[in-house]
Amino acid sequence: MHPLIAGYVRWTDRISDYVGYLAASLIFFMGGTLIFDAITRNLLKMPVHWAVELTQFTLAAYYFMGGPITLKNNDHVRMDLWYSGLSERGKAKVDLATIGCMIFYLGVLLAGSMSSLQYALTTNERRFSIWNPSVIPIKSLMVVCLVLMLMQAVSLVFKHIATLRGEDLR
């Protein structure tokens, strides 16, 4: 493969790894927030109204940020009944045939998320709750992570083509 393509694949994989490891660390933040909420609510009898909602936002960030590394590591769900019996070249052919559907789906999600972010920016959209946080940060993160997932999907296309050509692009 062309050195530019190989560089793109390595660069995209590195970003996906970094974002994925950052996402994994969010588990500790969510756990700490929920423990803090339990202590203030049950022991101190002073409930904080933002803790559960912050955890929900963090969980959404966790899912968004986990998408690219899931694609990179091939940890996504697939029908393994017959796929696992295929050769590496056979798997690459099937993956190339189906990755177009995934890229289309991610493109539709990206268009929708960009529209949603534009609406949030225009209206200064906020959640209707006591805390009343802005949804702009989480919608922005959603757009960025969908772009990264699309980048990772293109990287997978290059990897599968390399596999079909008998090359290793890792």
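None of these values were measured; they are calculated from a predicted model. (Residues numbered from 1 in each chain as written. Predicted model: local features only at pLDDT ≥ 70, side-chain atom pairs only at ≥ 80, totals over all residues. Heavy atoms only, no water.)

## Things to note about the nonpolar core
Side chains of nonpolar character tend, in soluble globular proteins, to be buried together. With 26 residues, the main nonpolar core has Ala61, Met65, Leu106, Leu110, Val135, Ile138 and Leu146 as its most contacted residues. Counting only elements with at least two residues in this core, the list comes to helix 1 (3–43), helix 2 (51–72), helix 4 (88–123) and helix 5 (136–164). Take this core: its biggest share by element is 13 residues, from helix 5. (Core = buried A, V, L, I, M, F, W, Y, C linked by side-chain atoms within 4.5 Å. Buried < 20%, exposed > 50% of the residue type's maximum accessible area, 1.4 Å probe, protein only. Helix = DSSP H or I, 4+ residues; strand = E, 2+ residues; numbered from the N terminus.)

## What to know about the pattern of salt bridges
Summed over all chains, the structure comprises five salt bridges. Salt-bridge contacts for Glu53 lead to Arg127; the nearest nitrogen and oxygen are separated by 3.3 Å. One end of the pair, Glu53, is in helix 2; the other, Arg127, is in the loop between helix 4 and helix 5, and 74 residues separate them in sequence. (Salt bridge = Lys/Arg side-chain N within 4 Å of Asp/Glu carboxyl O.)

## Brief notes about the side chain of Lys139
Within the secondary structure, Lys139 is located in helix 5. Judged by relative accessible area, Lys139 falls into the buried class, the value being 14%. Sequence-distant contacts of Lys139, defined by excluding residues within four places in its chain, comprise Ser116, Leu117, Ala120 and Glu125. (Contact = heavy atoms within 4.5 Å.)

## Overview of the layout of surface pockets
One water molecule sets the probe size; rolling that probe over the atoms shows where empty space is left. Roughly 600 Å³ of internal volume is contained in the largest pocket. Lining the largest pocket are 28 residues, and of these Asn74, Arg78, Tyr83, Asp95 and His160 lie nearest its centre. Within the residue set of the lining of the largest pocket, elements represented by two or more residues are helix 2, helix 3 (80–83), helix 4 and helix 5. For the lining of the largest pocket, the leading source of residues is helix 4, giving eight residues. Among the residues forming the lining of the largest pocket, the class breakdown is 12 nonpolar, six polar and 10 charged. Here the second largest pocket defines a volume of roughly 200 Å³. As for the second largest pocket, its lining consists of Tyr63, Phe64, Met102, Tyr105, Leu106, Leu109, Met142, Cys145, Leu146 and Met149. Across the lining of the second largest pocket, the residue classes tally to 10 nonpolar, no polar and no charged. (1 Å grid on protein atoms, 1.4 Å probe; cavity = no way out; pocket = protein on both sides within 12 Å on 5 of 7 lines; lining within 4 Å. Points joined across faces, edges and corners; volume = space filled by probe spheres on them. Nonpolar A, V, L, I, M, F, W, Y, C, P; charged D, E, K, R; others polar.)

## Considering the packing of helix 2 against helix 5
Taken N-terminus to C-terminus, the directions of helix 2 and helix 5 make an angle of 10°; their axes are 8 Å apart at the nearest point. Taken together, the axes of helix 2 and helix 5 lie roughly parallel to each other. Contacts between helix 2 and helix 5 pair Phe57, Ala60, Ala61, Phe64, Met65, Gly67, Pro68, Leu71 and Lys72 from the former with Ile138, Leu141, Met142, Cys145, Leu148, Met149, Gln152, Leu156 and Lys159 from the latter. When grouped by side-chain class, the residues that make up the contact of helix 2 with helix 5 number 14 nonpolar, two polar and two charged. (Axes fitted to C-alpha atoms, helices over the stretch in contact; angles between N-to-C directions. Parallel < 35°, antiparallel > 145°, perpendicular 65-115°, else oblique.)

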